[in-house]
Amino acid sequence: MQRLRELSRRVEAVYGEIATTFSVYQQQRGLSCRTGCGECCLQPTIEATVLEMLPLALYLFDQGKAEQTLTQLETLTGPQGCFFYQKLSFDGKQGQCSVYQQRPSICRLFGAAGYRDKNGKTALSTCKIIKLDQAHAYQESLIALESDPPPLMIMAKEQVNELDYELGKQHLPINQALQQAIEKVLFKAWFSGGSDEQQSA
Ligand code: SF4
């Protein structure tokens, strides 16, 4: 269990770096998310690795909510948006993250990030809402791609996942990745004395 906690601390340290790198780029280029927008969290295509969900799984364990959350996750049927997204509008497009501090890497890249296109060149990925809301900033960012390239999504993800090959090798739907992370934490806790571990972080 101590190994998982140490690993989680290292993941969180990298999360701090990622958050800074991406938010600085997004703020400087005027490409931040619309306030209260939750369109990304609604998408069933969001993926994470078990490793990326480890800080959240340990947080739930320490809060005494791991078993309850696992039971709820097991009742989910079919692909759907993130379990931790709280809808605040009828259509669900407005909402908030209920585990913001523990959210995985992918959520720290929402807004604007770079990727390599099929020719190996850096390209800019943003959602259609940002392209519409901040059309001018988006165009200027495209023009400045070479002089001011966006930080790459793949680099951020690899920075985290290289911390543990086994837990970081497979990308799963976000709810499934969390389920497996909680199972891992509960399994380790069971072997190492259970509730005593909750306060030992
Ligand atoms: S963890 Fe939070 S930010 Fe990430 S998809 Fe879920 S609700 Fe959205």
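Everything here concerns the structure above.
To start, this report covers the structure provided alongside it.

Rules of the game
Residues numbered from 1 in each chain as written. Predicted model: local features only at pLDDT ≥ 70, side-chain atom pairs only at ≥ 80, totals over all residues. Heavy atoms only, no water. Helix = DSSP H or I, 4+ residues; strand = E, 2+ residues; numbered from the N terminus. Rg over C-alpha atoms; globule rule 2.2 N^0.38 Å. Buried < 20%, exposed > 50% of the residue type's maximum accessible area, 1.4 Å probe, protein only. Areas by Shrake-Rupley, 256 points an atom, 1.4 Å probe, with all protein chains shown as cover. Lys, Arg positive; Asp, Glu negative; His and termini not counted. Charge placed at Lys NZ, Arg CZ, Asp CG, Glu CD. Polar contact = N/O pair within 3.5 Å; in protein donor to acceptor, adjacent residues only side chain to side chain. Contact = heavy atoms within 4.5 Å. Salt bridge = Lys/Arg side-chain N within 4 Å of Asp/Glu carboxyl O. Near = heavy atom within 4 Å. 1 Å grid on protein atoms, 1.4 Å probe; cavity = no way out; pocket = protein on both sides within 12 Å on 5 of 7 lines; lining within 4 Å. Sits in = over half its atoms within 2 Å of the grid points. Nonpolar A, V, L, I, M, F, W, Y, C, P; charged D, E, K, R; others polar. Axes fitted to C-alpha atoms, helices over the stretch in contact; angles between N-to-C directions. Parallel < 35°, antiparallel > 145°, perpendicular 65-115°, else oblique. Left-handed = near helix turned anticlockwise from the far one by under 90°. Core = buried A, V, L, I, M, F, W, Y, C linked by side-chain atoms within 4.5 Å.

**Some thoughts on the overall build of the protein chain**
And step 1. Within the protein chain, the regular secondary structure consists of 9 helices and 6 strands.
And step 2. Expected size for 201 residues packed as a compact globule is a radius of gyration near 17 Å; at 18 Å, the protein chain falls within 12% of this value.
And step 3. By principal-axis analysis of the C-alpha atoms, the protein chain measures approximately 55 × 40 × 30 Å.
And step 4. The burial tally for the protein chain puts 43% of its 201 residues in the buried class.
And step 5. Working note: accessible area of the protein chain is about 11200 Å², and carbon and sulfur atoms make up 52% of it.
And step 6. In the protein chain, 20 side chains carry a positive charge and 22 a negative one; their mean positions are 4 Å apart.

**Focus on the side chain of Asn 175**
And step 1. Here Asn 175 shows up in helix H9 (residues 174-191).
And step 2. A distance of 2.9 Å separates a polar atom in the side chain of Asn 175 from the backbone oxygen of Gly 81.
And step 3. If near-sequence neighbours (up to four positions away) are discounted, Asn 175 is found in contact with Leu 73, Leu 76, Gln 80, Gly 81, Cys 82 and Phe 83.

**Concerning the pattern of salt bridges**
Opposite charge on two side chains allows them to pair when their charged atoms are near.
And step 1. Scanning the entire structure with this criterion turns up 7 salt bridges.
And step 2. Two residues, Arg 29 and Asp 148, come together in a salt bridge whose shortest N-O distance is 2.7 Å. Here the residue Arg 29 occupies a position in helix H1 (residues 2-29), and Asp 148 occupies one in the loop between helix H6 (135-143) and helix H7 (153-161), the gap between them amounting to 119 residues.
And step 3. Residue classification places Arg 29 among the buried residues on the basis of a relative accessible area of 18%.

**Regarding the site of the ligand**
And step 1. Lining the immediate environment of the ligand, one finds Cys 41, Ile 46, Cys 82, Phe 84, Tyr 85, Cys 97, Arg 103, Pro 104 and Cys 107.
And step 2. According to the grid-proximity analysis, the pocket containing the ligand is the largest pocket.
And step 3. Broken down by class, the residue content of the shell around the ligand amounts to 8 nonpolar, no polar and 1 charged.

**Quick notes on the packing of helix H3 (residues 54-62) against H9**
And step 1. Running from N to C, H3 and H9 point in directions that differ by 55°, and their axes come no closer than 9 Å. The angle between the axes of H3 and H9 places the two elements in the oblique class. In this structure, H3 meets H9 at a crossing whose hand is right-handed. Note on element contacts: H9 touches H3 through Leu 178, Ala 181, Ile 182, Val 185, Leu 186 and Ala 189, opposite Leu 54, Leu 56, Ala 57, Leu 58, Leu 60 and Phe 61.
And step 2. By residue class, the composition of the contact of H3 with H9 is 12 nonpolar, no polar and no charged.

**Structural notes on the nonpolar core**
And step 1. Ile 18, Met 53, Leu 178, Ile 182 and Val 185 are the most contacted members of the largest nonpolar core, which has 44 residues in total.
And step 2. Those elements that provide at least two residues to this core are H1, H3, helix H4 (66-74), H7 and H9.
And step 3. Once residues within four sequence positions are removed from consideration, Met 53 is found in contact with Ala 48, Pro 104, Ile 174, Ala 177, Leu 178 and Ala 181.
And step 4. One finds Tyr 25, Leu 124, Ala 137 and Tyr 138 within the second-largest nonpolar core, a separate group that totals 8 residues.

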